[in-house]
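Close look at the chain arrangement
One letter stands for each residue in the lines below.
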Amino acid sequence: MLAKTDARPGRGKSSPAKVAAPRVRAADPSKSPRPATKAKKAKIRIFVSYCHVNAVQQAKLQVHLAQLKRDEVETWFDGDMAAGDKLSTEISRKLREADIFVALMSPEYIHSHWCQLEYNRAMRRRANGAMRVVVVIVRPCGWKDTGASELKVLPRDGRTVSDWRTMDHAFADVTEGIKGAVRAVRASKVATPGAKPARASRSAAAAKAKQRAPRAKATPGARPKAKPGAKGGRTVRKDAVG
């Protein structure tokens, strides 16, 4: 008898294996890339030196520097001192901490003993590369004899504040010059990061040299060399009697 065969199409043939589709995991919102945060700007400290006769000009300068103060810039003058602070101590400390020294130059400023002490100290720090000095000519005076002749003074072209149409026009120009000084100080701080202490660098170099130095290998079966005058591990005295 003949075996029955199934005549239905596709019957008896192996069907292709089904390939499982890869599962797509939902993105975890907690691990999503966060937007890059801007690096915090370095804080710049400005010391404003002026004679109290020019208090009006100093106050106008503070108004025009308002936007800089919102940009990590701190300005200080003796009017910011708290009651009870010792005058010379506080001024000396703020002068040491300052990055930029702004002098409001006038005949009264040159005449003032205390203003000249501040100015000369700032010029010494400038000579050592520790501070930038900005000279603002408030009124006509002999500022070229103060050592400022080698500096680029403000307002531009050496025009005194009193020569401008208004005080606001003059100090708007002064503020732009001070902004340039702030940018220069920030750039120098980024380009010259804090150096490591010399002692730490020397110890690190010594440790690396010690690791690189080859170690002497011991020869199998070698005996340690005896010291001169030693026999059989015992020291022989030359003056011993036989």
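Throughout, a residue's number is its position along its own chain's written sequence, starting from 1. It should be noted that, the model being predicted, local features are given only for residues of pLDDT at least 70 and side-chain atom pairs only at 80 or more, the latter also being counted only at that level, while totals for whole chains, interfaces and linings use all residues. No hydrogens and no water enter the side-chain calculation; it runs on all heavy atoms of the structure.

**Comments concerning the overall build of the protein chain**
- By definition, any uninterrupted DSSP run of H or I lasting at least four residues is a helix, any uninterrupted run of E lasting at least two residues is a strand, and each is numbered from the N terminus. A tally of helices and strands in the protein chain yields 7 helices and 6 strands.
- Reading the protein chain from its N end, one meets helices and strands in the order β-α-α-β-α-β-α-α-β-α-α-β-β.
- For the protein chain, with 242 residues in total, the buried portion stands at 29%.
- Restricting the contact set of the protein chain to residue pairs at least 6 apart, pairs at least 24 apart contribute 69%. Three exposure classes are used, based on accessible area relative to the maximum for each residue type with a 1.4 Å probe and protein chains only: buried under 20%, partly exposed in between, and exposed over 50%. Note on contacts: a residue pair is in contact if any heavy atoms of the two residues lie within 4.5 Å.

**Some words on helix H5 (residues 113-127)**
- A rise of 1.5 Å per residue sets the reference length of H5, with its 15 residues, at 21 Å; its end C-alpha atoms lie 21 Å apart and thus fit the reference within 8%.
- Under the rule applied, a polar contact is a pair of N or O atoms within 3.5 Å (in protein, one hydrogen donor and one hydrogen acceptor; residues adjacent in sequence only if both atoms are side-chain atoms). You can read the cap of H5 off the contacts: a side-chain oxygen lies 3.5 Å from the backbone nitrogen of Trp 114, and it is on Ser 112.
- Of the residues trailing H5, Gly 129 is marked for its positive phi of about 75 degrees. Each helix should span, by expectation, one fewer than its residue count multiplied by 1.5 Å.

**A few points about the packing of aromatic side chains**
- Between 30 and 60 degrees the pair is tilted, below 30 it is stacked and above 60 it is edge-to-face, where a pair is any two Phe, Tyr or Trp rings, Trp via its six-membered ring, whose centres lie within 6.5 Å. If you walk through the whole model with that rule in mind, you get 4 aromatic pairs.
- Ring geometry for Tyr 50 against Phe 77: centres 6.1 Å apart, planes inclined by 65 degrees, an arrangement best described as edge-to-face. Here the residue Tyr 50 occupies a position in the loop between strand E1 (44-49) and helix H1 (55-64), and Phe 77 occupies one in the loop between strand E2 (73-76) and helix H3 (87-97), the gap between them amounting to 27 residues. For the pair shown, Tyr 50 and Phe 77 are each scored as buried.
- In this structure an aromatic cluster arises from ring pairing among Phe 47, Trp 76 and Phe 101.
- Of note, Arg 159 hangs over the ring of Trp 164, and the distance from its end group to the ring centre comes to 4.3 Å. Look at NZ for Lys and CZ for Arg. If either is within 6 Å of the ring centre and within 35 degrees of the ring normal, a charge sits over the ring.

**Looking at the confidence of the model for the protein chain**
- Residue-level confidence of the predictor is what pLDDT reports, using numbers from 0 through 100. Of all residues in the protein chain, 60% attain a pLDDT of 70 or more, and the chain-wide mean is 78.
- This model gives residues 195-201 a pLDDT under 50, and the stretch forms 0 contacts once residues within four places in sequence are excluded.
- Low confidence marks residues 233-242, where pLDDT is under 50. Its contacts with residues over four positions away, or in another chain, come to 5 contacts.

**Describing the nonpolar core**
- Nonpolar cores are built from buried Ala, Val, Leu, Ile, Met, Phe, Trp, Tyr and Cys residues. Side-chain atoms within 4.5 Å join them into one set. In this structure, Leu 61, Ile 100, Val 102, Val 136 and Ile 178 are the most contacted members of the largest nonpolar core, which totals 25 residues.
- Sorting the residues of this core by element identifies E1, strand E3 (100-105), strand E4 (132-137) and helix H6 (167-191) as the ones contributing at least two each.
- When residues of this core are assigned to their parent elements, the largest contribution, 7 residues, is made by H6.
- Beyond its immediate stretch of four places on either side in the chain, Ile 178 contacts Ile 46, Leu 61, Leu 65, Leu 68, Val 102, Val 134 and Leu 154.
- Grouped together as the second largest cluster of nonpolar side chains are 22 residues, Ile 91, Ala 98, Val 133 and Ala 148 included.

**Examining the packing of H1 against H6**
- The N-to-C vectors of H1 and H6 enclose an angle of 60 degrees; their axes lie 9 Å apart at closest approach. Classed by the angle they form, the pair H1 and H6 counts as oblique. Classified by chirality, the crossing of H6 by H1 is right-handed. On H6, the residues touching Val 56, Gln 57, Lys 60, Leu 61 and His 64 of H1 are Met 167, Asp 168, Phe 171, Ala 172, Val 174, Thr 175 and Ile 178.
- Residue composition of the contact of H1 with H6, by class: 7 nonpolar, 3 polar and 2 charged. Axis lines are fitted to C-alpha atoms, over the contacting stretch for helices. Their N-to-C directions set the angle, which ranges from 0 to 180 degrees. Convention used here: angles under 35 degrees read as roughly parallel, angles over 145 as roughly antiparallel, angles from 65 to 115 as roughly perpendicular, and any remaining angle as oblique. By convention, the crossing between two helices is left-handed when the near helix turns anticlockwise from the far helix through less than a right angle, and right-handed when the turn is clockwise. Under the scheme applied, nonpolar residues are Ala, Val, Leu, Ile, Met, Phe, Trp, Tyr, Cys and Pro; charged residues are Asp, Glu, Lys and Arg; polar residues are all the others, including Gly.

**Quick look at empty space enclosed by the protein**
- Here a cavity denotes grid points, spaced 1 Å and computed from the protein atoms alone, that fit a 1.4 Å probe unable to get out, and a pocket denotes an open set having protein on both sides within 12 Å along at least 5 of 7 lines; residues with an atom within 4 Å of a point are the lining. Grid points are joined across faces, edges and corners, and a volume is the space filled by probe spheres set on the points. Evaluated as defined, the whole model comprises 1 cavity of 30 Å³ or more.
- In this structure, the largest cavity encloses a volume near 40 Å³.
- Lining the largest cavity, in full, are Arg 45, Ile 46, Phe 47, Glu 74, Trp 76, Lys 94, Glu 97 and Ala 98.
- Its residues placed into classes, the lining of the largest cavity shows 4 nonpolar, no polar and 4 charged.

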